[in-house]
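Tertiary structure, described
Spelled out from the first residue to the last, the chains are:
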Number of protein chains: 2
Amino acid sequence: MYKQNPLSHIRVVLSHTTHPGNIGAAARAMKTMGLHHLYLINPRLFPDPQADAMAAGADDVLRDAVVCSSIDEALQGVVFTVAMTARLRDISIEVKTPREAMPLLLQEAATQPVALLFGTEMSGLTNEEMGKAQVLVNIPSHPDFSSLNIAAAVQVVAYELSVAAQSYLPSVPEIHPATHEQVEGFFAHMEKTLFEIGFFTTQNPARLMQRLRRLYARTRLEQEEINILRGILSIATEYNARLRARYQRENTKGTLNDV
Amino acid sequence: MYKQNPLSHIRVVLSHTTHPGNIGAAARAMKTMGLHHLYLINPRLFPDPQADAMAAGADDVLRDAVVCSSIDEALQGVVFTVAMTARLRDISIEVKTPREAMPLLLQEAATQPVALLFGTEMSGLTNEEMGKAQVLVNIPSHPDFSSLNIAAAVQVVAYELSVAAQSYLPSVPEIHPATHEQVEGFFAHMEKTLFEIGFFTTQNPARLMQRLRRLYARTRLEQEEINILRGILSIATEYNARLRARYQRENTKGTLNDV
């Protein structure tokens with residue numbers, strides 16, 4: 001069962017969070033990516049209306065959140081901990097990117113609880129807290145301004161987890177590409193129409209049609225689109241034909257009257 | 001020079017943002033990933049102390065933000081627009097993931113301005129706004145709770161951009177893509193022409209134009225191609241106009257209104 005949803009074995013642990021709004025925003029970020037288990041180590045204010053407001057529908061995550069008084073309590077039963085750091089520290093432990101680390105975390109989460117550990121808004125994790133982790137992760141950011149909001153960091157990491165968890169299946173658009181004959185029929189129709197409306201009096205037909213072919217080759221026309229485009233061409237020429245016929249009819253009449 | 005930092009050619013456009021705190025948080029998210037250019041279409045409140053508070057040091061991004069009164073103003077000069085959507089819509093235009101789309105955006109940003117377009121907190125982008133984009137992007141999320149906070153969405157996409165930028169190798173495009181204004185000018189011309197030749201007597205104009213927008217969004221029109229297409233449109237109507245004028249000149253008794 002565990003293997004079917006490794007995400008259900010991942011806890012997000014927030015240590016000594018100062019602003020309750022960030023707890024709510026983190027809960028929302030978690031839920032959007034299919035994470036549910038939130039652990040809070042000595043939050044300054046929780047529960048709090050600010051947290052509820054920022055959760056914006058992730059109130060079940062807040063309701064089930066576990067408030068702990070120490071990091072050891074929060075990591076109880078956990079077999080693998082990834083700690084987030086904003087700094088590329090002068091430490092011997094390897095610092096990975098989220099993209100490198102999340103597949104590892106998922107592997108571990110297949111069978112047992114794992115944790116993602118986030119420090120305070122101002123100072124991050126203490127050295128002691130970081131010592132509890134197996135892997136450090138740094139979200140690559142601009143060297144001059146590397147301070148991600150804590151909920152934004154939760155969002156990025158949860159997103160990487162979610163992408164790793166399910167190689168995303170994009171919505172396959174149900175297209176009905178036109179056949180070769182339909183496309184050729186369209187081009188023939190267009191060329192004929194351009195002659196009829198007098199476009200080729202100033203343009204080289206072969207060169208122009210080549211350009212138009214390239215344009216429509218890139219777009220991969222669908223059957224219905226060809227119907228629309230040919231409908232436009234037909235209306236244009238019919239309109240011209242009616243105008244011309246009526247003009248000639250009435251002009252001839254006029255000429256006869258003059259005689 | 002452009003090639004050295006494509007990120008400097010990327011605008012983040014937020015349409016009709018309701019909460020100023022989200023604008024500030026989005027500015028912070030942008031700056032952590034090296035993005036600077038923020039465009040705001042009719043924000044409800046801006047500038048605002050809430051925005052400043054949430055920017056938390058990204059006040060230069062807010063200070064340089066451009067407030068616009070329309071999407072066309074915000075996209076002026078832009079050659080490639082990626083629109084974010086929370087829904088996998090029932091549309092035939094392809095929806096990409098951030099990981100697929102951001103390298104494309106970077107390539108386009110090598111030489112000219114590009115845009116990342118985000119809708120409102122409650123309802124996202126309108127169909128009309130989405131019609132201005134060449135690519136739609138959906139951040140994969142949990143089906144039961146897919147509502148990312150707008151600043152969180154900006155953070156995820158900016159992060160993907162930043163990661164992509166690290167392995168960025170510019171390929172010099174051989175094409176001369178049309179700007180947003182040129183493309184919009186073409187659509188306006190086409191709509192006017194279709195009215196004039198009577199195509200909309202049997203078709204729903206809005207729906208039809210939406211289909212045609214999708215078709216041409218896929219093809220990435222070049223400037224010269226727009227000149228050709230508008231030339232065709234002009235000839236079609238000019239020919240009609242000449243016929244009409246000549247008819248009216250030579251036949252003073254009737255009108256062609258019922259043709």
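How each quantity is defined
Residues numbered from 1 in each chain as written. Chains lettered and ligands numbered in written order. Predicted model: local features only at pLDDT ≥ 70, side-chain atom pairs only at ≥ 80, totals over all residues. Domains from an automatic or database assignment. Pairing = 2+ DSSP bridges. Helix = DSSP H or I, 4+ residues; strand = E, 2+ residues; numbered from the N terminus. Contact = placed C-beta atoms within 7 Å. Axes fitted to C-alpha atoms, helices over the stretch in contact; angles between N-to-C directions. Buried ≥ 20, exposed ≤ 12 C-beta atoms within 10 Å, placed from the backbone. Expected span 1.5 Å × (residues − 1). Arc of directions from axis to C-beta. Nonpolar A, V, L, I, M, F, W, Y, C, P; charged D, E, K, R; others polar.

**Quick look at the domain arrangement of chain A**
- Domain parsing of chain A yields domain 1 (2-165) and domain 2 (180-258).
- Between the C-alpha centres of domain 1 of chain A and domain 2 of chain A the distance comes to 62 Å.

**Quick look at the sheet that holds strand β4 (residues 80-84) of chain A**
Residues and elements named next belong to chain A.
- Pairing is parallel in the open sheet, where seven strands are placed in the order β3-β2-β1-β6-β4-β7-β5. In the strand order of this sheet, the two ends are held by β3 (66-68) and β5 (95-96), each with one partner.
- Of the pairings in the sheet, the one linking strand β1 (residues 10-15) to strand β2 (residues 37-41) comprises five bridges and is parallel in character. Counterpart to Arg11 in the pairing with β2 is His37.
- Sheet contacts for helix α1 (residues 20-32): β1 and β2; angle to β1, the most-contacted strand, approximately 165 degrees.

**Brief notes about the pairing of strand β4 (residues 80-84) of chain B**
Residue and element names in this part refer to chain B.
- With five of its five residues buried, β4 lies for the most part within the structure.
- Side chains of β4 alternate between two faces, with Phe80, Val82 and Met84 and Thr81 and Ala83 buried alike.
- Summarising the sheet, β4 and strand β6 (residues 114-118) pair through four bridges and their orientation is parallel. Note that in β6 the partner of Phe80 across the bridge is Val114.
- Pairing between β4 and strand β7 (residues 135-137): three bridges, direction parallel. Note on β7: the bridge partner recorded for Val82 is Val135.

**Some details on the sheet that holds β7 of chain B**
All names here are of chain B.
- Strand order in the open sheet formed by seven strands is β3-β2-β1-β6-β4-β7-β5, with parallel pairing between adjacent strands. Lying at the two open borders of the sheet, with one neighbouring strand each, are β3 (66-68) and β5 (95-96).
- In terms of strand pairing, strand β1 (residues 10-15) meets β6 through five bridges, oriented parallel. In the sheet register, Ile10 faces β6, and the bridge partner there is Val114.
- Contacts between helix α7 (residues 150-166) and the sheet are confined to β1, β4 and β6, with β6 contributing the most and set at about 150 degrees to the helix.

**Some thoughts on helix α8 (residues 180-196) of chain B**
All names here are of chain B.
- Here α8 contains 17 residues, and its C-alpha end-to-end distance of 24 Å stays within 8% of the 24 Å for a straight helix at 1.5 Å per residue.
- Taken together, the buried positions of α8 are His180, Val183, Phe186, Met190, Thr193 and Leu194. Projection of α8 onto a plane perpendicular to its axis shows the buried side chains occupying an angular sector of 165 degrees, all on one side. Looking at α8, the residues exposed on the side facing more than 90 degrees away from the buried face are Ala188 and Lys192.

**Looking at the interface of chain A and chain B**
- Counting from both sides, the interface comprises 57 residues of chain A and, opposite them, 56 residues of chain B.
- At the level of secondary structure, the elements contributing two or more residues to the side of chain A that touches chain B comprise α1, α7 (150-165), α9 (205-219) and α10 (223-258) of chain A.
- Among the elements that make up the side of chain A that touches chain B, the one with the highest residue count is α10 of chain A (15 residues).
- Residues of the side of chain A that touches chain B, tallied by class, amount to 30 nonpolar, 16 polar and eleven charged.

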